[in-house]
Amino acid sequence: METQSVISLDAMSGDRGAEVVVRAAMACLERNANLELILVGDRDEIDSLVRRIIGKESRLRIKGATEVVGMSESPADAIRKKKDSSMRVAINLVKEGVAEACVSAGNTGALMATAKFVLKMLPGIDRPAIIAELPALGGTVHMLDVGANTESDPQQLFQFAVMGSIVTSGMRNIDRPRVALLNIGVEDTKGHEAVRSAAGKLSQSGLNYVGFIEGNEIFVGKADVVVTDGFTGNIAVKTMEGTAGLISHYVKREFKKTVFTKLQALMAGPVLNSLAVEMDSRNHNGGSLVGLDGIVIKSHGGADSYAFEHAIETALVELRNQVPQQIRNLLEQESS
């Protein structure tokens, strides 16, 4: 018999309020019979929403928290001054062993700092990184870091590669994911010293390292894991999101120009709808804060309930694949 998986949800920190989290919780509980959820935040507000939206559900609990970390709040203040925030309490539940993973749509910097402070890092990992799953030809591609660290040295890039390989293997059932380093060219002489040095380390590792990859190759299926620093990765991801929005705008504008193009839009409706579903960023919501001694998933702050569901499902997959333990084991193998 499969054991119950317990995940804590920071219900208060997202832009859209606790109702999004409650509706996402309901959907995930309906799909996963062995899942238990703990909603953390204002007890009265959450209880009212649960009664209205879900009703009685034995696999859902509420944990009270009296504070909320604001989106513009500094990480230091979140740790020092908001010890009873929904974010902190949700992470504490993982530390205490009450929950096995945590999901939050809160302030990224505060979440990262609080999770690192409470859960600590895995042995051999210098800094946590955010890994994101993105659409690509033939499936998806995982990229890290996408925002946790503005600068990374060669050893940290190597650690990102190890962690990315483990996460991608579990999420996509690939035995040896292809790992590439993001660079300004594919030649060995291209890029700054940190990237070139990291390439040397990866070439001598047991990972399936396939070399450098350029920005225009991220989504064409050449690699399963793309490794970069958080500054570059964050810009790359947001550029992709902006480009997708621009293309959508142009397509809609062209189809609305004349009666004839409107008729064409009706005929192309099924194709356009299918494309919209495939490109829907909500299907890829939920960035994992890898490197921590525990599982913490960062949802987009503006996520709706459908997107937040995916973040919960991401936590569930990492939990079932014991991602932190796998990272620990692989790092031990690489260092031996």
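From a predicted model like this one, the values you see are computed outputs, not experimental measurements.

Comments concerning the sheet that holds strand E9 (residues 225-227)
- Taken in spatial order, the 11 strands make up an open sheet running E3-E2-E1-E4-E11-E10-E5-E6-E9-E7-E8, and their pairing is mixed. Two strands lie at the open edges of the sheet, namely strand E3 (60-64) and strand E8 (208-213), each paired on one side alone. Strand-to-strand, the axes of this sheet are offset by a mean angle of 25 degrees, without reference to chain direction.
- The pairing of strand E7 (residues 178-182) with E9 spans 3 bridges and is parallel. If you follow Val-179 over to E9, its bridge partner there is Val-225.
- Along the sheet, helix H7 (residues 193-203) makes contact with E7 and E8, crossing E8 at roughly 160 degrees.

A word on the side chain of Ser-205
- Relative to the helices and strands, Ser-205 resides in the loop between H7 and E8.
- A polar atom in the side chain of Ser-205 sits 3.2 Å from the backbone nitrogen of Leu-207.

Some thoughts on the pattern of salt bridges
- Under the defined criterion, the tally for this structure stands at 15 salt bridges.
- With a shortest N-O distance of 2.8 Å, Arg-51 and Asp-47 are connected by a salt bridge. Here Asp-47 and Arg-51 lie together in helix H2 (residues 43-53), a separation of 4 residues that amounts to about one turn.
- Accessibility expressed as a relative area gives 28% for Asp-47, which makes it partly exposed.
- Here Glu-57 ties to Arg-59 by a salt bridge, and the two come within 3.5 Å at their closest N and O atoms.
- By relative accessible area, which is 18% here, Arg-59 ends up buried.
- Three or more residues are tied together by salt bridges with common partners; here these are Glu-19, Arg-23 and Arg-52.

Some thoughts on the pairing of strand E1 (residues 5-10)
- Counted residue by residue, E1 has 6 buried out of 6 residues, so it is predominantly covered.
- The alternating pattern of E1 places Ser-5, Ile-7 and Leu-9 on one face and Val-6, Ser-8 and Asp-10 on the opposite face, and all of these are buried.
- The pairing of E1 with strand E2 (residues 35-41) spans 6 bridges and is parallel. Across the sheet, residue Ser-8 finds its bridge partner in E2, namely Ile-38.
- In this region the chain leaves E1, passes through helix H1 (residues 18-31) and returns to the parallel neighbour E2; the handedness of that crossover is right-handed.

Focus: the state of the cysteines
- A complete count under the given rule lists 0 disulfides for this structure.
- A disulfide-free cysteine, Cys-28 has its sulfur positioned 14 Å from the sulfur of Cys-102, the nearest such atom.

Cut-offs used in this document
- Residues numbered from 1 in each chain as written.
- Predicted model: local features only at pLDDT ≥ 70, side-chain atom pairs only at ≥ 80, totals over all residues.
- Heavy atoms only, no water.
- Pairing = 2+ DSSP bridges.
- Helix = DSSP H or I, 4+ residues; strand = E, 2+ residues; numbered from the N terminus.
- Axes fitted to C-alpha atoms, helices over the stretch in contact; angles between N-to-C directions.
- Contact = heavy atoms within 4.5 Å.
- Polar contact = N/O pair within 3.5 Å; in protein donor to acceptor, adjacent residues only side chain to side chain.
- Salt bridge = Lys/Arg side-chain N within 4 Å of Asp/Glu carboxyl O.
- Buried < 20%, exposed > 50% of the residue type's maximum accessible area, 1.4 Å probe, protein only.
- Right-handed = clockwise from strand over helix to strand, strands pointing away.
- Disulfide = S-S within 2.5 Å.

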